[in-house]
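Residues per chain, in single letters:
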Amino acid sequence: MSPASTGASATLDAVTPVPSPDPATDSRMAPGGPGYRRMSFALFLAGVATFALLYSTQALLPLISGEFGVAASEASWTVAAATGGLALFVLPMSALSERFGRRTVMTASLAVAVGVGLLVPFAPSIGALVVLRAVQGAALAGLPASATAYLAEEVRPKALVTAIGLFVAGNSVGGMSGRVITGWVAQEWGWRVAVGVIGAVAVACAVAFRLLLPAPRHFRAGSLRPRVLLGTVRGHLADPLLRRLYAIGALFMTVFGGVYTVIGYRLTQAPFSLPQGIVGSIFLVYLVGTVSASTAGRLVGRLGRRGALYLAGGTTAAGLLLSLAPSLPLVLLGLVLITAGFFAGHAVASSAVSRTAEHGRAQASALYQSAYYIGSSVGSTVGATAFHAGGWAGTVGVGVLAVLGVVTITLLGSRAARVSARREPVPAH
């Protein structure tokens, strides 16, 4: 079947939208169909490996600060460097996936990232650790945009939100398991052994991913010409809806990056004074994100995209305010709400990007991922700086401002949709 008949983009030069094929003749994957379960599990494992590696030092920041004698704002660069490297390289890596294939680029990215991950435990200084983490983040850049582009090409449109939600759910499991494992391992054997264990887990995920992921059937190689790539990027950035979605992803991740970079410092200090293993176990609340991301499709079906974003933003804001309480159960409940709201909002926004882009889907997804991880880097550094200056309330203040940004952008989108609807001509009867 030709790429035009599948609705997939054939090259970066393609700009004309094509109609969706009849479900009866559509050979793309659907729930219950051939290959769908293998594909879902493979990308779930890729998501696990990506987030486990990307945030492997986040729960260990107090220990890293102690070993190297640096403040929270300096140690936070071991997280910000990784997410920043990903943000910078996700667009070039997406271009490579247009030329060499989604599965090829994802496989190579995971291979390099896990290789660097096995070197991280031997970093002799905070500077070397930050450099290794930046390289690791750059390597992981081949995963997010290529994965969503693969899904947009290989999965039927009605199943796309659910499929991307499962990939995002893998991110939440990876983020959770990485932090829980590192917390308990570090308590007994130190942070270096802990990140080494995460590297070994990621190796297993990478091997299973490559063995399970079905070969693409609807991918057609595109052009690597810089002029064509820049034209595609400019076209996406000129789309008001895509710009709003990129900003929403960045703002949601600013909240999440700030909260989870700083929470370890807060919980190891008075009045909580929790040991490292218990602090790592706090990240079990990521399971809530697994559920909220995987149910994002149903949420959009009931409330619409903007309604789902309002709910996600409101849930996140409520969690931030609740986490100010000097009570551990209330702080945990606040983290649950923050996590649920973030992952739901991320799944809704990222899937909307894939459905909105009618050509150059890898570039559209790459721009979203770049904005998303820039938000993570900003959240990590600004959240840690705010914590140093004003305690947990400072970090919460940064998060609340970011959520207000999400709500404002969504309101502007609703207004733009109403104006557009009023301008549409009424068909003659």
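Refer to the structure presented above.
Cut-off values and rules
Residues numbered from 1 in each chain as written. Predicted model: local features only at pLDDT ≥ 70, side-chain atom pairs only at ≥ 80, totals over all residues. Heavy atoms only, no water. Helix = DSSP H or I, 4+ residues; strand = E, 2+ residues; numbered from the N terminus. Rg over C-alpha atoms; globule rule 2.2 N^0.38 Å. Buried < 20%, exposed > 50% of the residue type's maximum accessible area, 1.4 Å probe, protein only. Contact = heavy atoms within 4.5 Å. Areas by Shrake-Rupley, 256 points an atom, 1.4 Å probe, with all protein chains shown as cover. Salt bridge = Lys/Arg side-chain N within 4 Å of Asp/Glu carboxyl O. 1 Å grid on protein atoms, 1.4 Å probe; cavity = no way out; pocket = protein on both sides within 12 Å on 5 of 7 lines; lining within 4 Å. Points joined across faces, edges and corners; volume = space filled by probe spheres on them. Nonpolar A, V, L, I, M, F, W, Y, C, P; charged D, E, K, R; others polar.

J.: Just checking my understanding: could you explain the overall build of the protein for this structure?
T.: Counting its secondary structure elements, the protein contains 18 helices and 0 strands. Relative to a compact globule of 429 residues, whose C-alpha radius of gyration would be 22 Å, the protein shows 21 Å and is just as compact. For the protein, the C-alpha atoms occupy an extent of roughly 70 × 45 × 40 Å along the three principal directions. In the protein, which comprises 429 residues, the proportion classed as buried is 56%. Residue pairs at least 24 apart in sequence account for 84% of intrachain contacts in the protein once pairs closer than 6 positions are excluded. Approximately 16400 Å² of the protein is accessible, and the part contributed by carbon and sulfur atoms is 68%.

J.: Honestly, the pattern of salt bridges in this entry has me stumped. Any pointers?
T.: Any two side chains of opposite charge can pair if their charged atoms end up close together. Tallied over the entire structure, the rule returns 2 salt bridges. Of the charged contacts in the structure, one is a salt bridge between Arg102 and Glu153, with a shortest N-O distance of 2.3 Å. Of the two residues, Arg102 is situated in helix α6 (residues 102-117) and Glu153 in helix α8 (residues 144-154); the sequence distance between them amounts to 51 residues. On the accessibility criterion, Arg102 (0% relative accessible area) is buried. With relative accessibility at 1%, the residue Glu153 sits in the buried group.

J.: In this structure, what is going on with the layout of surface pockets? I would like to understand it.
T.: It is a probe the size of a water molecule, rolled over the atoms, that shows where empty space is left. Looking at the second largest pocket, its volume works out to about 220 Å³. Around the second largest pocket, the lining is made up of 13 residues, and of these Val161, Val300, Arg305, Ser351 and Arg355 lie nearest the centre. For the lining of the second largest pocket, the secondary-structure elements that each account for two or more residues are α15 (296-322) and α16 (328-356). A class-by-class count of the residues in the lining of the second largest pocket yields 6 nonpolar, 4 polar and 3 charged.

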